[in-house]
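# Report on the structure
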Amino acid sequence: QVQLVESGGGLVQPGGSLRLSCAASQNIAGFNVMGWYRQAPGKQRELVAIETRDGRTNYADSVRGRFTVSRDNAKNTVYLQMNAMRPEDTAVYLCTANNAIWGQGAQVTVSS
């Protein structure tokens, strides 16, 4: 089974940017959906952004226009570029393949 490993999390000030990466242990071209969810303390896991195999994307309303998801099938990697970040973006960000396989998560904290 494919393994997903996130990287790039950390502490950022409000208004700042981070880029998360999700490296897969095998070819991701066959997965219809690759993307990101997040879970904040005491809250349910929620969709952040996904990209389908044919390039269609879907974003949560709260991040649309600020975050960009992209997948590089040649590198077996999925990215999440996060700009204009807000304190409410603080969460553990999880990479997913087909909403069935999950990474361990990367902590993102937005605070001054």
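See the structure printed just above.
Residues numbered from 1 in each chain as written. Predicted model: local features only at pLDDT ≥ 70, side-chain atom pairs only at ≥ 80, totals over all residues. Heavy atoms only, no water.

### Section: the overall build of the protein chain
Along its length, the protein chain carries zero helices and 11 strands. Over its C-alpha trace the protein chain gives a radius of gyration of 13 Å, about what one expects of a compact globule, namely 13 Å for 112 residues. Burial statistics for the protein chain: of 112 residues in total, 45% are counted as buried. When the accessible surface of the protein chain is summed, it comes to about 5,800 Å², and 44% of that surface belongs to carbon and sulfur atoms. Distance between charge centroids for the protein chain: 1 Å, based on 11 positive and 8 negative side chains. (Helix = DSSP H or I, 4+ residues; strand = E, 2+ residues; numbered from the N terminus. Rg over C-alpha atoms; globule rule 2.2 N^0.38 Å. Buried < 20%, exposed > 50% of the residue type's maximum accessible area, 1.4 Å probe, protein only. Areas by Shrake-Rupley, 256 points an atom, 1.4 Å probe, with all protein chains shown as cover. Lys, Arg positive; Asp, Glu negative; His and termini not counted. Charge placed at Lys NZ, Arg CZ, Asp CG, Glu CD.)

### A word on the pattern of salt bridges
For the structure on display, the rule yields five salt bridges. The partner of Asp-54 in a salt bridge is Arg-56, with the nearest N and O atoms 3.2 Å apart. Like Asp-54, the residue Arg-56 is exposed in the burial classification. Here Arg-66 and Asp-89 are joined by a salt bridge, their closest N and O atoms 2.8 Å apart. You can see Arg-66 sitting in the loop between β6 (57-59) and β7 (67-72) and its partner Asp-89 sitting in the loop between β8 (77-82) and β9 (91-97), a full 23 residues away along the chain. Taken as a pair, Arg-66 and Asp-89 share a single burial class, namely buried. One salt-bridge network, held together by shared partners, links Arg-38, Glu-46, Arg-66 and Asp-89. (Salt bridge = Lys/Arg side-chain N within 4 Å of Asp/Glu carboxyl O.)

### Some remarks on the environment of Gly-8
Along the polypeptide, Gly-8 turns up in the loop between β1 (4-7) and β2 (10-12). With 91 residues separating them in the primary sequence, Gly-8 and Asn-99 have C-alpha atoms 21 Å apart. Apart from the residues lying within four places of it in its own chain, the contact partners of Gly-8 are Leu-18, Arg-19 and Leu-20. (Contact = heavy atoms within 4.5 Å.)

### Focus: the sheet that holds β1
Read from one edge to the other, the open sheet built from four strands follows the order β1-β3-β8-β7, with strand pairing classed as antiparallel. Each edge of the open sheet carries a strand with a single partner, namely β1 and β7. Put simply, the sheet's adjacent strands are angled 15 degrees from each other on average, direction ignored. Sheet analysis places β7 next to β8, joined by six bridges and oriented antiparallel. Paired with Phe-67 across the two strands is Met-82, which belongs to β8. (Pairing = 2+ DSSP bridges. Axes fitted to C-alpha atoms, helices over the stretch in contact; angles between N-to-C directions.)

### Re the state of the cysteines
Evaluated as defined, the whole model comprises one disulfide. Between the sulfur atoms of Cys-22 and its disulfide partner Cys-95 the distance amounts to 2.0 Å. Looking down the S-S bond of the Cys-22 and Cys-95 bridge, the torsion is -80 degrees, so its handedness is left-handed. You can see Cys-22 sitting in strand β3 (residues 18-24) and its partner Cys-95 sitting in strand β9, a full 73 residues away along the chain. Side by side, Cys-22 and Cys-95 carry an identical accessibility label, which is buried. (Disulfide = S-S within 2.5 Å.)

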